[in-house]
Amino acid sequence: MELFYLQAYWWILISVLGAALVFLLFVQGGQTLLWGAETKLQRTMMVNSLGRKWELTFTTLVVFGGAFFASFPLFYSTSFGGAYWLWMLILISFVLQAVSYKYRREPGNLYGTRTYDIFLFFNGCVGCILLGVAVAMMFFGGEFTVTMTNVLDTSAPVISVWAPSHGIEAIFNWKNLLLGFAVLFLARTQAALYFQLNIDGDDALFKANKRRVLVNGVIFVVFFLAFMGVLLTSRGLQATSQGGIPTLLHSFEWVDYKYFHNYITLWWCLIMLLLGVVAVLYGIGAGALCKHFKNGLWFTGLGATLVVISLFWVAGFNDTPYFPSLLDPNCSLSIRNSSSSHFTLEVMSWVSVIIPFVLGYIIYVWYALRKPITPKEMETPGEEKY
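What counts and what doesn't
- Residues numbered from 1 in each chain as written.
- Predicted model: local features only at pLDDT ≥ 70, side-chain atom pairs only at ≥ 80, totals over all residues.
- Heavy atoms only, no water.
- Helix = DSSP H or I, 4+ residues; strand = E, 2+ residues; numbered from the N terminus.
- Rg over C-alpha atoms; globule rule 2.2 N^0.38 Å.
- Buried < 20%, exposed > 50% of the residue type's maximum accessible area, 1.4 Å probe, protein only.
- Contact = heavy atoms within 4.5 Å.
- Areas by Shrake-Rupley, 256 points an atom, 1.4 Å probe, with all protein chains shown as cover.
- Lys, Arg positive; Asp, Glu negative; His and termini not counted.
- Charge placed at Lys NZ, Arg CZ, Asp CG, Glu CD.
- Core = buried A, V, L, I, M, F, W, Y, C linked by side-chain atoms within 4.5 Å.
- Expected span 1.5 Å × (residues − 1).
- Axes fitted to C-alpha atoms, helices over the stretch in contact; angles between N-to-C directions.
- Parallel < 35°, antiparallel > 145°, perpendicular 65-115°, else oblique.
- Left-handed = near helix turned anticlockwise from the far one by under 90°.
- Nonpolar A, V, L, I, M, F, W, Y, C, P; charged D, E, K, R; others polar.
- Phe/Tyr/Trp six-rings, centres within 6.5 Å; stacked < 30°, edge-to-face > 60°.
- Salt bridge = Lys/Arg side-chain N within 4 Å of Asp/Glu carboxyl O.

**Here we look at the overall build of the protein chain**
A tally of helices and strands in the protein chain yields 16 helices and 6 strands. For 386 residues, the compact-globule formula gives about 21 Å, and the C-alpha radius of gyration of the protein chain, at 22 Å, lands near that figure. The principal-axis extent of the C-alpha atoms belonging to the protein chain is close to 70 × 45 × 40 Å. Among the 386 residues that make up the protein chain, the fraction classed as buried is 52%. Sequence separation of at least 24 residues holds for 79% of the intrachain contacts in the protein chain that already meet a minimum separation of 6. About 17500 Å² of surface is accessible on the protein chain, with carbon and sulfur atoms providing 69% of the total. Positive and negative charge centroids in the protein chain, built from 23 and 20 side chains respectively, lie 13 Å apart.

Next comes the structure, spelled out in structure tokens:
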């Protein structure tokens, strides 16, 4: 199989895993809603509802990072190794999440549940925003350079060099934050829809979640539209070509309205984007306004999946570098110049058959734990686990 087809295959796999991760971030969004519970019982039902699903987000995040490392190691070393503070904060937030679910209700807990609820809130806010920032950097770039010949320098064999701020500048870039806050409020919206679906027997909580869907859904739409407006009117990098054929893999030039043109050229991505937006809006509207409607999560989840996949495709295809360098355009990373070798990609393509098993695991766990939580269950000794 030709190298480019293997590169495209892995980029498609990564986009699907990224979309699955964004959908499962409703767990993080739900953690930010725990402080809005009116009673202790409501908070107990909410945290136990999330506790049944938090490992799915963690598993998907690990698989997503592993797939990136296997297929595009130069991105992994450049971004993960260079934007140190960005990725360390993401990592710390998810470690705190795992610790909180493990020890929140442990006997002899010295810190009390309140401390671990703060950790969960931190993971919900910081994790969502910074993951959005990391994805936004695929469009708006980072301050790094890549010099392959540095590997021959025995005194400093560092290929990728980041700006001295090591990712701090990316966190406070307003363009990146637009997507970061859009991801946060999408996660909060989907969390409220998930609580509607997964918690029964508390009418007050059900109505409260309808209000949360409406408020957070509107805020999400505002941030998302702002991000798309900036994206479609921004410059982007294009691989230089002669006669329509890309020349040097490391030669790029700035093009006005690059991502707008990508959506026009890759018209199927535009269709996916529009269908996804319609599905998300329907899920939010029905979840907030229809009296007994409980399935809004499936519409917003499907819509968000389509939108995220379309964003990954316009970021990486059509001779577009998916990780632009703001210091030297020719150091930008594309799926052509940052992938593993032909042999590695081919071997890993056989290994990728495990990805359907990961998705199957997510579906199986969801099905096994699909029974809604009720106040009676949480009041029964031994049923409250988190």
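**Notes on the nonpolar core**
Soluble globular proteins: nonpolar side chains tend toward being buried together. Membership of the largest hydrophobic core comes to 109 residues, with the highest contact counts inside it found for Trp11, Phe68, Phe72, Leu86, Phe139, Phe227 and Tyr322. The residues contacting Phe139, other than those within four sequence positions of it, are Phe227, Leu231, Tyr259, Leu311, Val314, Ala315 and Pro324.

**Some thoughts on helix 7 (residues 112-140)**
Look at helix 7: 42 Å from first C-alpha to last across 29 residues, which is about the 42 Å you get at 1.5 Å a residue. Once helix 7 finishes, Gly141 follows within two positions and takes phi at roughly 85 degrees, a positive value.

**As for unusual backbone geometry**
We note that His166 has phi near 50 degrees; this positive angle belongs to a residue other than glycine. For His166, the position within the fold is in the loop between strand 2 (160-162) and helix 8 (168-171). Relative accessible area serves as the criterion here: at 32%, His166 is assigned to the partly exposed category. Backbone geometry places Asn318, a non-glycine residue, at a positive phi of 60 degrees.

**Quick notes on the packing of helix 1 (residues 3-24) against helix 14 (residues 342-351)**
In contact at an axis separation of 10 Å, helix 1 and helix 14 are set at 50 degrees when each is read in the N-to-C sense. Put simply, helix 1 runs oblique to helix 14. Taken as a pair, helix 1 and helix 14 cross one another with a handedness that is left-handed. Each of Leu3, Leu6, Gln7, Tyr9 and Trp10 in helix 1 lies in contact with helix 14, whose residues at this interface are His342, Leu345, Glu346, Met348 and Ser349.

**Some thoughts on the packing of helix 4 (residues 54-71) against helix 6 (residues 84-103)**
Two elements in contact, helix 4 and helix 6, have axes separated by 11 Å at closest approach and are oriented at 150 degrees. Considering the angle they form, helix 4 stands roughly antiparallel to helix 6. The crossing of helix 4 and helix 6 is left-handed. Residue-level inspection shows Trp54, Thr57, Phe58 and Leu61 of helix 4 in contact with helix 6, the latter providing Phe94, Gln97, Ala98 and Tyr101. Class assignment for the residues of the contact of helix 4 with helix 6 results in 6 nonpolar, 2 polar and no charged.

**A few points about helix 4**
If you check helix 4, its first and last C-alpha atoms are 26 Å apart, about what 18 residues at 1.5 Å a residue would give, namely 26 Å. The set of residues buried in helix 4 consists of Trp54, Leu56, Thr57, Thr60, Leu61, Phe64, Gly65, Ala67, Phe68, Ala70 and Ser71.

**Regarding the packing of aromatic side chains**
In the structure shown here, the tally under the stated rule is 40 aromatic pairs. On the numbers, 4.6 Å between centres and 40 degrees between planes, the contact of Phe26 with Tyr194 is tilted. Here Tyr194 lies in helix 9 (residues 174-198) and Phe26 lies in helix 2 (residues 26-31), a separation of 168 residues in the sequence. Accessibility classification places Phe26 together with Tyr194 in one group, the buried group. Relative to Phe317, the ring of Trp313 has its centre 6.4 Å away and its plane inclined at 50 degrees; by these criteria the two rings are tilted.

**Here we look at the environment of Leu50**
Following the sequence through the fold, Leu50 ends up in helix 3 (residues 40-51). Relative accessible area serves as the criterion here: at 0%, Leu50 is assigned to the buried category. Separated by 141 residues in the primary sequence, Leu50 and Ala191 place their C-alpha atoms 8.8 Å from one another. Apart from the residues lying within four places of it in its own chain, the contact partners of Leu50 are Phe26, Val27, Gly30, Gln31, Leu34, Tyr101, Tyr194 and Phe195.

**Details of the pattern of salt bridges**
All told, the structure shown has 4 salt bridges when counted by the stated rule. Between Asp117 and Arg43 there is a salt bridge, with its nearest N and O atoms 3.4 Å apart. Residue Asp117 is found in helix 7, and its partner Arg43 is found in helix 3; the two are separated by 74 residues along the sequence. Two residues, Asp319 and Arg336, come together in a salt bridge whose shortest N-O distance is 3.8 Å. On the criterion of sequence distance, the pair formed by Asp319 in the loop between helix 13 (296-316) and helix 14 and Arg336 in the loop between helix 13 and helix 14 is long-range, its members being 17 residues apart. Assessed through its relative accessible area of 24%, Asp319 is described here as partly exposed. Within the structure, one salt-bridge network assembled from shared partners comprises Arg43, Arg104 and Asp117.

**Remarks on the side chain of Lys210**
By secondary structure assignment, the location of Lys210 is in helix 10 (residues 203-232). No salt bridge is formed by the buried Lys210; its nearest oppositely charged neighbour, Asp203, is found at 11 Å. With sequence-adjacent residues up to four places away left out, Lys210 is seen in contact with Gln196, Ala286, Gly287, Ala288, Cys290, Lys291 and Phe293.

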